[in-house]
Amino acid sequence: SQTIHQWPATLVQPVGSPLSLECTVEGTSNPNLYWYRQAAGRGLQLLFYSVGIGQISSEVPQNLSASRPQDRQFILSSKKLLLSDSGFYLCAWSVKYEQYFGPGTRLTVT
Amino acid sequence: AQSVTQLDSQVPVFEEAPVELRCNYSSSVSVYLFWYVQYPNQGLQLLLKYLSGSTLVKGINGFEAEFNKSQTSFHLRKPSVHISDTAEYFCAVSGSAGNKLTFGGGTRVLVKP
C-alpha cells in the first residue's frame, strides 16, 4: 500500500532563516506531487505541483520554491522566511484523480 | 476555471442527529468531485469521490453524497453523527485532466452531546 511521509511534524523558525520541508511517497511510481499551505482559519492553497522529476509548476508568486530531485521526493524550500509563511504545510500525491495527503508540517515563523 | 463554494462555514449538530454539508461548484468541463475530512492537526483524508456512474456515492464512516449536475451541487450527508465526526470537511473538484484540485473554504462540524 501507498504511504506518504512528511517531516518535520512541527517547526519554529525565526524570520529570515532558511526552510526545507521534505515529503516522500512509498508504494507508487511516477506520482503527481503537490504542496499546499493552510493558513490559520483559511482553506487550502495550492503552492506547487509536479508531474515528474525536475518538473515544477508554481501556482502563486511567493517566497517559496519546490524541487523534485527523485521520483518520490518533493522538497519545499525558502531562503528567507517571512512571518506570513507561517501555516500548516501539506504534501499530497496522486496517480489518477484523487489526491492523498500526508500528515502535514506545522510551521511557525517568529 | 473552476470554483467551489461551501455555503456553511460552521455547522453545529447534536449527536445522533443528521447533518448535511452543502457544496456547489462551477466548471466549464466535466468534473470529478471529492469530499475530504480533516481532524485537528492532521492531513486530509478522502471520504468519498464521484468520478462517473451512479450519482449517489457512499463513502467511509457512514457518509454519502449526491451529485446533481443540473444544480452543480455535491452535498454531503450523514443520517446520524457521532462525537468523533467533529472535524473540518472540504469539498473539492478537478477537471478532466485530473491534475489539480480546487477546494472549497471548508465547513467546520461541531457535534454536541
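Provided above is the structure to which this section pertains.
Residues numbered from 1 in each chain as written. Chains lettered and ligands numbered in written order. Predicted model: local features only at pLDDT ≥ 70, side-chain atom pairs only at ≥ 80, totals over all residues. Heavy atoms only, no water.

What to know about the packing of aromatic side chains
Part 1 of the argument: Inspection of the entire model under this criterion finds 15 aromatic pairs over all chains.
Part 2 of the argument: Their ring planes at 25° and their centres at 6.4 Å tell us that Y25(B) and F67(B) sit as a pair that is stacked. With Y25(B) in strand β4 (residues 23–26) and F67(B) in strand β8 (residues 64–68), the pair connects residues that are 42 residues apart, well separated along the chain. The same class applies to Y25(B) as to F67(B), namely buried.
Part 3 of the argument: Centre to centre, the rings of F90(B) and F103(B) are 6.4 Å apart; their planes meet at 85°, and the pair counts as edge-to-face. Of this pair, F90(B) sits in strand β10 (residues 87–94) while F103(B) sits in strand β11 (residues 102–103), placing them 13 residues apart in sequence. Neither F90(B) nor F103(B) differs from the other in exposure class; each is buried.
Part 4 of the argument: Through successive ring pairs, a cluster of aromatic residues spans Y34(A), Y36(A), Y49(A), F101(A), F34(B), Y36(B), F90(B) and F103(B). (Phe/Tyr/Trp six-rings, centres within 6.5 Å; stacked < 30°, edge-to-face > 60°. Helix = DSSP H or I, 4+ residues; strand = E, 2+ residues; numbered from the N terminus. Buried < 20%, exposed > 50% of the residue type's maximum accessible area, 1.4 Å probe, protein only.)

Thoughts on unusual backbone geometry
Part 1 of the argument: Residues W7(A) and P8(A) are joined by a peptide bond in cis, for which omega reads 0°.
Part 2 of the argument: For E16(B), which is not glycine, the phi torsion reads 75° and is therefore positive.
Part 3 of the argument: Within the secondary structure, E16(B) sits in the loop between β2 (10–14) and β3 (19–21).
Part 4 of the argument: Given a relative accessible area of 61%, E16(B) falls into the exposed group.

Some remarks on the pairing of strand β4 (residues 32–38) of chain A
When a strand is regular, its side chains alternate between the sheet's two faces.
Residues and elements named next belong to chain A.
Part 1 of the argument: Within β4, 7 of the 7 residues are buried, which leaves the element mostly enclosed by the surrounding structure.
Part 2 of the argument: What you see with β4 is no split at all: N32, Y34, Y36 and Q38 on one side and L33, W35 and R37 on the other are buried throughout.
Part 3 of the argument: Of the pairings in the sheet, the one linking β4 to strand β9 (residues 87–94) comprises 7 bridges and is antiparallel in character. By the bridge assignment for β9, Q38 is matched with F88.
Part 4 of the argument: Where β4 folds back on strand β5 (residues 44–52), the antiparallel hairpin that results is connected by 5 residues, among which G41 adopts a positive phi of roughly 75°. (Pairing = 2+ DSSP bridges.)

Details of the layout of surface pockets
With a probe scaled to a water molecule rolled over the atoms, the places where space remains empty come into view.
Residue and element names in this part refer to chain B.
Part 1 of the argument: Of the voids in this model, the largest pocket is the one considered here, and its volume is about 310 Å³.
Part 2 of the argument: In this structure, the largest pocket is lined by 18 residues; those nearest its centre are Q38, P40, N41, E88 and R108.
Part 3 of the argument: Mapped by element, the contributors of at least two residues to the lining of the largest pocket are β10 and β12 (107–112).
Part 4 of the argument: At 3 residues, the largest contribution of residues to the lining of the largest pocket is made by β12.
Part 5 of the argument: The residue makeup of the lining of the largest pocket, split by class, is 8 nonpolar, 6 polar and 4 charged.
Part 6 of the argument: The space that makes up the second largest pocket amounts to roughly 170 Å³.
Part 7 of the argument: Forming the walls of the second largest pocket are Y25, S27, V29, S30, V31, Y50, F67, K69 and T72.
Part 8 of the argument: Of the residues that constitute the lining of the second largest pocket, the class distribution is 5 nonpolar, 3 polar and 1 charged. (1 Å grid on protein atoms, 1.4 Å probe; cavity = no way out; pocket = protein on both sides within 12 Å on 5 of 7 lines; lining within 4 Å. Points joined across faces, edges and corners; volume = space filled by probe spheres on them. Nonpolar A, V, L, I, M, F, W, Y, C, P; charged D, E, K, R; others polar.)

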